[in-house]
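# Tertiary structure, described
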Amino acid sequence: MGAKDLKTRLGILLHKPELGHKIGTSSKLQLGSRRRDSSREVLEWRESFDQLLKSKSGVTAFHTFLKTEFSEENLDFWLACEDFKKTRSKTKLASKANRIFEEFVQSEAPREVNIDHETREITRKNLSGATSACFNEAQAKTRTLMEKDSYPRFLKSASYQDMTKQATSRGISKRSHT
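Here we summarise the structure given alongside this text. (Residues numbered from 1 in each chain as written. Predicted model: local features only at pLDDT ≥ 70, side-chain atom pairs only at ≥ 80, totals over all residues. Heavy atoms only, no water.)

### Focus on the pattern of salt bridges
The following threshold applies: Whenever a carboxyl oxygen of Asp or Glu lies within 4 Å of a side-chain nitrogen of Lys or Arg, that contact is scored as a salt bridge. Numbered from the N terminus, helices here are DSSP runs of H or I no shorter than four residues, and strands are runs of E no shorter than two.
With the rule as written, the count across this model stands at eleven salt bridges. For D50, the salt bridge identified is with R143, shortest N-O distance 2.1 Å. You can see D50 sitting in helix 3 (residues 49-54) and its partner R143 sitting in helix 8 (residues 136-156), a full 93 residues away along the chain. Between R153 and E69 there is a salt bridge, with its nearest N and O atoms 2.6 Å apart. Taken together, the positions of R153 in helix 8 and E69 in the loop between helix 4 (56-68) and helix 5 (73-85) put the pair 84 residues apart, joining distant regions of the chain. Through salt bridges with shared partners, a single network forms among D50, R143 and E147.

Shown next, in the form of structure tokens:
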């Protein structure tokens, strides 16, 4: 195991969402308290990656899964970019852009996302005039990677399969009581 891999794996133990996005810290995937709504929501996650990303509990469940694969930096980067786009202050925009770049994008970043050299360079150049769109290309590539790679594995995971069984059984027991 290389130094970078070790650093990434140790970083999981020290994970702090310092970029302003909030992620549940539960180690088990949970459906939440609104059982009927969350049961339907869990089943909707398999319809599309967008459905999963629209759901707070979906993002939490996906993040928990990504942690087991040591690849949560992709989702953390995507979430940081979403938060970044909401920033209105030019001063805060520039400082947040630099923090995101240093944490996720630059070569040998502590939580480096898997993007090609050209995208990394375009993003670096975009920092000089930081706008809410300066991470768009890198964010899109990271999203595509998650959608094509991690998302299908998440849907096949034992954790998600258990959640769908629970959601389905709740739906069936609810119908039999009406």
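The rest of the description comes next.
### Section: the side chain of S71
Our working definition: The contact definition used throughout considers only heavy atoms, calling two residues in contact when any of these lie within 4.5 Å.
Looking at the element boundaries, S71 is found in the loop between helix 4 and helix 5. With sequence-adjacent residues up to four places away left out, S71 is seen in contact with L66 and S150.

### A short note on helix 7 (residues 117-126)
Inclusion rule: For every residue, the accessible area (1.4 Å probe, protein chains only) is compared with the maximum for its type, and the residue is labelled buried under 20%, exposed over 50%, or partly exposed between those bounds. Think of the arc as the fan of directions from the helix axis to the C-beta atoms.
All of the buried residues along helix 7 are T119, R120 and T123. In an axial view of helix 7, the angular spread of the buried residues amounts to 100°, which keeps them on one side of the axis. Residues H117, E118 and K125 are exposed on helix 7 and point more than 90 degrees away from its buried face. Residues of helix 7 that are buried make contact with helix 6 (90-105) and helix 8.

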